Amino acid sequence: MHKLTNQIFVYIGLFAAIIMGAFFLETFPYFIAMLIIMAFIGLISMIVRTMYSFALLITFILLIAFYNVGISWLMHWDMKQQGMNIGVQSLVSFGSIMAWMSGYAIRRNQEVLHSLHTELTILRKYEEHIGVLTLNEFIEQAQILFTGMKRRNEKGFLVFITICEKVAYKQRIIREKLTKALHLSFPML
């Protein structure tokens, strides 16, 4: 629940940055530039490693700050113009931070989803499309059967079928057809 609350606040902050940009930026091109910067930083934070994307974010914010200080010093801006530039810079910086945090949250969610999918694949008992036991489940069931057969002094057979096809989709089709044939041959399976 805590992670969900954090993500909700991040997305609310992202939405607030966009709304404030629409209302408080002086001209439409500034707003479009802010949106492009936010999209770029969000995409970078999803693609590049976290520390590198964070370093790029900090570098971008510092570059904006030093640029504004340099321009205000060279142009001899009055306090009102400097205050407006500080407001614009703060808004763009806030939007950039929210975009970075959104991209980071999306990346973390993707990693969690991938690990959960991997765990589900390991814990699955049957192959999804063909209905045969997965390798892990087969090994568990085989150990149980082998132990029972040893205890009862029974003999059993393990039949291996090797598919020599190299192309993945052909291999899958052959496996599905063999599975159907085995299911028809041994009705108790």
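Report follows, based on the coordinates. (Residues numbered from 1 in each chain as written. Predicted model: local features only at pLDDT ≥ 70, side-chain atom pairs only at ≥ 80, totals over all residues. Heavy atoms only, no water.)

## Comments concerning the layout of surface pockets
Quick note on the threshold: Here a cavity is any set of points on a 1 Å grid over the protein atoms alone where a 1.4 Å probe fits but cannot get out, and a pocket is any open set with protein on both sides within 12 Å along at least 5 of 7 lines; a residue lines the site when it has an atom within 4 Å of a point. Grid points are joined across faces, edges and corners, and a volume is the space filled by probe spheres set on the points. Labels follow the DSSP assignment, with helices taken as runs of H or I lasting at least four residues and strands as runs of E lasting at least two, numbered in each case from the N terminus. Under this grouping Gly is polar, as are all residues other than the nonpolar Ala, Val, Leu, Ile, Met, Phe, Trp, Tyr, Cys and Pro and the charged Asp, Glu, Lys and Arg.
Quantified by volume, the second largest pocket comes out at close to 440 Å³. Residue lining of the second largest pocket: 17 residues in total, with Tyr 30, Tyr 67, Asn 68, Asn 85 and Val 88 positioned closest to the centre. The set of elements that each furnish at least two residues to the lining of the second largest pocket consists of α2 (28-47), α3 (50-75) and α4 (79-123). Among the residues making up the lining of the second largest pocket, the classes are represented as 12 nonpolar, 4 polar and 1 charged.

## Observations regarding the packing of aromatic side chains
Formally: Only Phe, Tyr and Trp rings are paired, with Trp represented by its six-membered ring, and only when their centres lie within 6.5 Å; those with planes under 30 degrees apart are stacked, over 60 edge-to-face, the remainder tilted. When a residue's accessible area, from a 1.4 Å probe over protein chains only, is under 20% of the maximum for its type it is buried; when over 50% it is exposed; and in between it is partly exposed.
Within the structure shown, the criterion is met by 3 aromatic pairs. Relative to Phe 31, the ring of Phe 28 lies with its centre 6.4 Å away and its plane at 45 degrees, an arrangement referred to as tilted. Here Phe 28 pairs with Phe 31, and both are found in helix α2, just 3 residues apart, close to one helical turn. You can call Phe 28 exposed: its relative accessible area is 58%. The class of Phe 31 is buried, set by a relative accessible area of 13%. Considering the side-chain rings of Trp 100 and Tyr 104, the 5.5 Å spacing of their centres and the 10 degrees angle between planes classify their relative orientation as stacked.

## Examining the packing of α2 against α4
Defined as follows: Note on method: axes are straight lines fitted to C-alpha atoms, helices fitted across the in-contact stretch only, with angles between N-to-C directions ranging 0 to 180 degrees. Convention used here: angles under 35 degrees read as roughly parallel, angles over 145 as roughly antiparallel, angles from 65 to 115 as roughly perpendicular, and any remaining angle as oblique. The sense of a crossing depends on the near helix, which, turned anticlockwise from the far helix by less than a right angle, makes the crossing left-handed and, turned clockwise, makes it right-handed. Any two residues whose heavy atoms approach within 4.5 Å are treated as being in contact.
Running from N to C, α2 and α4 point in directions that differ by 30 degrees, and their axes come no closer than 7 Å. Here α2 is positioned roughly parallel relative to α4, judged by the angle of their axes. Here α2 and α4 pass one another in a crossing that is right-handed. Each of Met 34, Ile 37, Met 38, Ile 41, Gly 42, Ser 45, Met 46 and Ile 47 in α2 lies in contact with α4, whose residues at this interface are Leu 91, Val 92, Gly 95, Ser 96, Ala 99, Trp 100, Gly 103, Tyr 104, Ile 106 and Arg 107. A class-by-class count of the residues in the contact of α2 with α4 yields 12 nonpolar, 5 polar and 1 charged.

## Concerning helix α5 (residues 135-151)
Our working rule: To estimate how far a helix should reach, multiply one less than its number of residues by 1.5 Å.
For α5, which comprises 17 residues, the first-to-last C-alpha distance of 24 Å matches the rise-based estimate of 24 Å (1.5 Å per residue) to within 8%. A positive backbone phi angle near 55 degrees is found at Asn 153, which sits one or two residues after α5.

## Describing the side chain of Ser 45
What counts here: For this analysis, a polar contact is any N or O atom pair within 3.5 Å, provided that within protein one partner can donate a hydrogen and the other can accept it, and provided that sequence-adjacent residues contribute only side-chain to side-chain pairs.
Tracing the backbone through its elements, the reader meets Ser 45 in helix α2. Given a relative accessible area of 1%, Ser 45 falls into the buried group. A polar contact is formed between the side chain of Ser 45 and the backbone oxygen of Trp 100, at a distance of 3.4 Å. Setting aside residues up to four positions removed in sequence, Ser 45 forms contacts with Ser 53, Ala 99, Trp 100, Gly 103, Tyr 104 and Arg 107.

## Some thoughts on unusual backbone geometry
Backbone geometry places His 76, a non-glycine residue, at a positive phi of 55 degrees. Of note, His 76 is situated in the loop between α3 and α4. Here Asn 153, not a glycine, exhibits a phi torsion of approximately 55 degrees, which is positive. Tracing the chain through its elements places Asn 153 in the loop between α5 and α6 (168-185).

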